[in-house]
Amino acid sequence: MPLLSFKTLRADGDTLSYAPVRLGSEIDMGSIVSLRSFQMGTSMMMTVTGFLGSDVVVREVGEQRVASFSVAVNRKTSSGEQQTVWVRVNCWNKLSDVARSYLKTGSLVQIQASWMRASAWIDQGGNPQAGIDITADRLVLLDRANGDAPTDDEGEFADVPF
């Protein structure tokens, strides 16, 4: 007989154990502590890698800090045309401190977020535009520490003899 998608929680003395319930079987309701349906939840994880379009703006919202900035995500189509999607990012509290301290226009970053919201607006030229707003859960700084790319002579492994 097939199992149902939920389990009963039975009390066996002082211990609790899960017991599957089969279709058509009788359940002793006196021994059931809790009967609960297990449903699959939904989730979304988004990773954005791109360049900052402007400096970080930090503001206070009640007792919390939020840092806001835009990230440009670029791609080339099969016809060679470049497309850019702007993602507006909000970082809260301690993550906002990191953003304020280390990010500037042109910084390469990777942001992970578990929620996004689509937005649309009309630009100054009257053209419809679309964007994405996200709240960052994680921020990865991809720029080099000093901001300079190494040359062949002074690279990270320049003193390695092979």
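Structural notes, computed from the coordinates.

Here is the key point about a regular strand: its side chains alternate between the two faces of the sheet. Pairing of strand β7 (residues 82–92) with strand β9 (residues 128–141) involves four bridges; the strand directions are parallel. In the sheet register, arginine 88 faces β9, and the bridge partner there is aspartate 133. In this structure, strand β8 (residues 108–122) lies alongside β9, joined through 12 bridges in antiparallel fashion. Residue pairing across strands places alanine 113 opposite alanine 136, the latter belonging to β9. Taking the residues between adjacent antiparallel strands as the criterion, β8 and β9 are bridged by five residues, where glycine 126 takes a positive phi near 85°.

Our next topic: the environment of leucine 139. For leucine 139, the location among the structural elements is in strand β9. Residue leucine 139 is classed as buried on the basis of its relative accessible area, which comes to 13%. As a C-alpha pair, leucine 139 and glutamine 110 span 29 residues in sequence and 6.0 Å in three-dimensional space. Discounting residues that sit within four places of it in the chain, leucine 139 has contacts with Phe69, Leu95, Val98, Ala99, Leu103, Val109, Gln110 and Ile111.

Our next topic: the pairing of β8. Relative to β8, strand β4 (residues 46–52) runs antiparallel, the two sharing six bridges. In the sheet register, phenylalanine 51 faces β8, and the bridge partner there is leucine 108.

This part takes up the pattern of salt bridges. Across all of its chains, the model carries four salt bridges by this definition. As a salt-bridge pair, arginine 65 and aspartate 97 come within 2.9 Å of each other at their nearest N and O atoms. Of this pair, arginine 65 sits in strand β6 (residues 64–76) while aspartate 97 sits in helix α1 (residues 94–102), and the two are 32 residues apart along the sequence. Across the pair aspartate 133 and arginine 117 runs a salt bridge whose closest N-O atoms are separated by 2.8 Å. Separated by 16 residues along the polypeptide, aspartate 133 in strand β9 and arginine 117 in strand β8 bring together distant segments of the chain. On the basis of relative accessible area, aspartate 133 is assigned to the buried category, the value being 12%. Linked by salt bridges that have partners in common, Arg65, Asp97 and Arg100 make up one network.

The rules we used
Residues numbered from 1 in each chain as written. Predicted model: local features only at pLDDT ≥ 70, side-chain atom pairs only at ≥ 80, totals over all residues. Heavy atoms only, no water. Pairing = 2+ DSSP bridges. Helix = DSSP H or I, 4+ residues; strand = E, 2+ residues; numbered from the N terminus. Buried < 20%, exposed > 50% of the residue type's maximum accessible area, 1.4 Å probe, protein only. Contact = heavy atoms within 4.5 Å. Salt bridge = Lys/Arg side-chain N within 4 Å of Asp/Glu carboxyl O.

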